[in-house]
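# Coordinate inspection notes
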Amino acid sequence: MSFKKPAMHKYTYSLLRFSPDVLSGEAVNVGVVLYCPAQRFFAAKFRNSVGRVSKVFPEIDQVFFRKYLKVLGQNFSGFGGQFIDQLQYEVDQTASEIAKSLLADDASAFQWSEDRSGLTRNAEQTLGELFGRFVSRFDEVSPTSKKTEKDLWQEFSRDLRRRDILEVFESTTIHAPHAELSVKKAFKNGIWHCFEPVSFDLSEEGHINSKAYRWLGQVSAVSDADEDFKIYFLVAKPSDPQLTAAYDDAVHLLSKCGSRAKVYDEENLEKLGDDLEDVVKSSLRSSPVPVVAR
């Protein structure tokens, strides 16, 4: 089954830069705003942690900085909904022009960049990708021990081995006209049933957000593949309870893959095993030739 891709639409975006000492010229990107009139979309994303900012500007008031960006995000969220509700068919404003109506360019430490533009099929997804590219990618990953995809797979593989179905899984590649997705653990029963461990046990909200958007983009890119498929995501929560909201947002983003995906948190590992066991054993019962272990 093939799916027609949505049309591409023009958008503009602007970066919010933090520079407490204008004379020094040093600045750190702390947010991004995007406007796509054709998709009736206006939204912004701001970091909610200090991250790299404190390394560049160690003298900043970290508590005030977090609170300021949190309030800024709330203001933009509320304004964005009102703005879209009032949006007319012909609107020539750019992302920075609209953003400055909420946070004007003045002598403060926060300044908007010049507008940049591009084309998008999904403005919300593009906003997340831009945030990952220009804001969160420069944060250092915490060196402390975190749960990885390898840890998730080792835990789940023990469950599959107990069910005597581990050996039927193989690697495969989902091919689409303009993209492909490689999967290390999959089983075919009419369609490809693919298993993917995804750990959100990270140290920054931006890393969690970017990872979720990256997977959403990868699945969307092969949505018009010749062969049908479904991905079963097993996800790990962040160790830091302050990142729970970021984790919930990430799971919500993965759910936007629609019927192509199903998300299980690690607490529901047993349920994921039950579902995959049903798929595998139903195939074995209907197959005239026994499946040979690989």
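Quick note: structure is the one above.
Residues numbered from 1 in each chain as written. Predicted model: local features only at pLDDT ≥ 70, side-chain atom pairs only at ≥ 80, totals over all residues. Heavy atoms only, no water.

Let us now look at the sheet that holds strand S9 (residues 229–236). One key point about sheets: their strands pair by backbone hydrogen bonds, in either a parallel or an antiparallel sense. One open sheet accounts for five strands, arranged S6-S7-S8-S9-S10; its pairing is mixed. Strands with a single pairing partner mark the edges of an open sheet, and in this sheet they are strand S6 (170–176) and strand S10 (261–265). Strand-to-strand, the axes of this sheet are offset by a mean angle of 40 degrees, without reference to chain direction. Where strand S8 (residues 191–199) and S9 come together, eight bridges link them in parallel fashion. Paired with Pro 197 across the bridge in S9 is Leu 234. (Pairing = 2+ DSSP bridges. Helix = DSSP H or I, 4+ residues; strand = E, 2+ residues; numbered from the N terminus. Axes fitted to C-alpha atoms, helices over the stretch in contact; angles between N-to-C directions.)

The next subject is helix H7 (residues 244–255). Between its first and last C-alpha atoms H7 spans 17 Å; for 12 residues at 1.5 Å apiece the expected length is 16 Å, and the two agree. Within the span of H7, buried status applies to Ala 246, Tyr 247, Ala 250, Leu 253 and Leu 254. Summarising the axial view, the buried residues of H7 lie within an arc of 120 degrees, below the 170-degree limit, and thus occupy one face. Looking at the buried positions of H7, the neighbouring elements they touch are helix H6 (205–221), S9 and S10. (Expected span 1.5 Å × (residues − 1). Buried < 20%, exposed > 50% of the residue type's maximum accessible area, 1.4 Å probe, protein only. Arc of directions from axis to C-beta. Contact = heavy atoms within 4.5 Å.)

Attention now moves to the side chain of Ser 19. Among the secondary structure elements, Ser 19 is positioned in the loop between strand S1 (9–18) and strand S2 (28–36). For Ser 19, a relative accessible area of 12% translates into the label buried. Residues in contact with Ser 19, not counting those within four places in the same chain, are Glu 26, Ala 27, Phe 57 and Ala 109.

Before going further, it helps to spend a moment on the nonpolar core. Grouped together as the largest cluster of nonpolar side chains are 30 residues, with contacts concentrated most on Ile 174, Phe 200, Phe 229 and Phe 233. Residue assignment for this core shows that the elements contributing at least two residues are S6, strand S7 (179–189), S8, H6, S9 and H7. If one sorts the elements of this core by residue count, H6 sits on top with six residues. One finds Leu 16, Phe 18, Phe 42 and Ile 98 within the second-largest nonpolar core, a separate group that totals 23 residues. (Core = buried A, V, L, I, M, F, W, Y, C linked by side-chain atoms within 4.5 Å.)

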